[in-house]
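Summary of the model geometry
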Amino acid sequence: MAPQPLNETQIGEVLSGLPGWAFGDDRLVREYTLDSHLAAVAMLVHIATIQEQMDHHANLTVTYNQLGVAVNTHSVGGRVTELDTQLATRVEEIAAGHGAR
């Protein structure tokens, strides 16, 4: 069964449990600051591993010690689905272990 887009109320409920995450431009977004460039890249690799396990991929950007995450579901026209909220939750679960803030 194909994922279904979430409405803004559902997205808001999810975001209440994801501190630092926001909804904008039809995607969930979060910017992390880490202690160094290598720490940011290490977290990116960890996220990439999770994405491969889920077969669902975010847009990831590294700018020195900052890591940006933006996620939506392309197969439903670039809208936010439960897959995106699951990925965001998994990313948030690993962030502290990388020293992300």
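See the structure printed just above.
The shown structure was predicted, so the numbers you read here are calculated from the model rather than taken from an experiment.

Considering the environment of Gly20
Within the secondary structure, Gly20 is located in the loop between α1 (8–15) and β1 (22–24). Judged by relative accessible area, which is 53%, Gly20 ranks as exposed. Those residues within four positions of Gly20 in sequence are excluded, and the remaining contacts are Val29 and Arg30.

Quick look at the side chain of Gln51
Here Gln51 lies in helix α2 (residues 37–54). Residue class for Gln51 comes out buried when judged on its relative accessible area of 4%. Once residues within four sequence positions are removed from consideration, Gln51 is found in contact with His56, His57, Ala58, Leu60 and Leu87.

Focus: the pairing of strand β4 (residues 66–71)
Of all six residues that make up β4, five are buried, and the element is covered over most of its length. Strand direction decides the pairing type here: strand β2 (residues 27–33) and β4, joined by six bridges, are antiparallel. Paired with Leu28 across the bridge in β4 is Val71. Strand direction decides the pairing type here: strand β3 (residues 59–63) and β4, joined by five bridges, are antiparallel. Across the sheet, Leu60 pairs through a bridge with Val69, a residue of β4. Hairpin connection between β3 and β4: a loop of two residues separates the two successive antiparallel strands, and Tyr64 in this loop has a positive phi of roughly 50 degrees.

Describing the pattern of salt bridges
Considering all chains together, one arrives at two salt bridges under this definition. The residue Arg30 makes a salt bridge to Glu92 at a minimum N-O spacing of 3.6 Å. Here Glu92 lies in helix α3 (residues 82–95) and Arg30 lies in strand β2, a separation of 62 residues in the sequence. For Asp35, the salt bridge identified is with Arg101, shortest N-O distance 3.1 Å. Here Asp35, found in the loop between β2 and α2, pairs with Arg101, found in the segment after α3; they are 66 residues apart in sequence, far enough to count as distant.

A closer look at the sheet that holds β1
Think of a sheet as strands paired side by side through backbone hydrogen bonds, with each pair either parallel or antiparallel. Within the open sheet, the four strands sit side by side as β1-β2-β4-β3. Their pairing is antiparallel. Every interior strand has two partners, whereas the edge strands, β1 and β3, have only one. Along the sheet, successive strands turn relative to each other by an average axial angle of 25 degrees, direction set aside. Across three bridges, the pairing between β1 and β2 is antiparallel. Residue pairing in the sheet places Ala22 in a bridge with Val29 of β2. Seen against the sheet, α1 touches β1 and β2 and runs at an angle of roughly 150 degrees to β1. Strands in contact with α3 are β2 and β4; relative to β2, the strand with the most contacts, it is inclined by about 10 degrees.

Rules behind the numbers
Residues numbered from 1 in each chain as written. Predicted model: local features only at pLDDT ≥ 70, side-chain atom pairs only at ≥ 80, totals over all residues. Heavy atoms only, no water. Helix = DSSP H or I, 4+ residues; strand = E, 2+ residues; numbered from the N terminus. Buried < 20%, exposed > 50% of the residue type's maximum accessible area, 1.4 Å probe, protein only. Contact = heavy atoms within 4.5 Å. Pairing = 2+ DSSP bridges. Salt bridge = Lys/Arg side-chain N within 4 Å of Asp/Glu carboxyl O. Axes fitted to C-alpha atoms, helices over the stretch in contact; angles between N-to-C directions.

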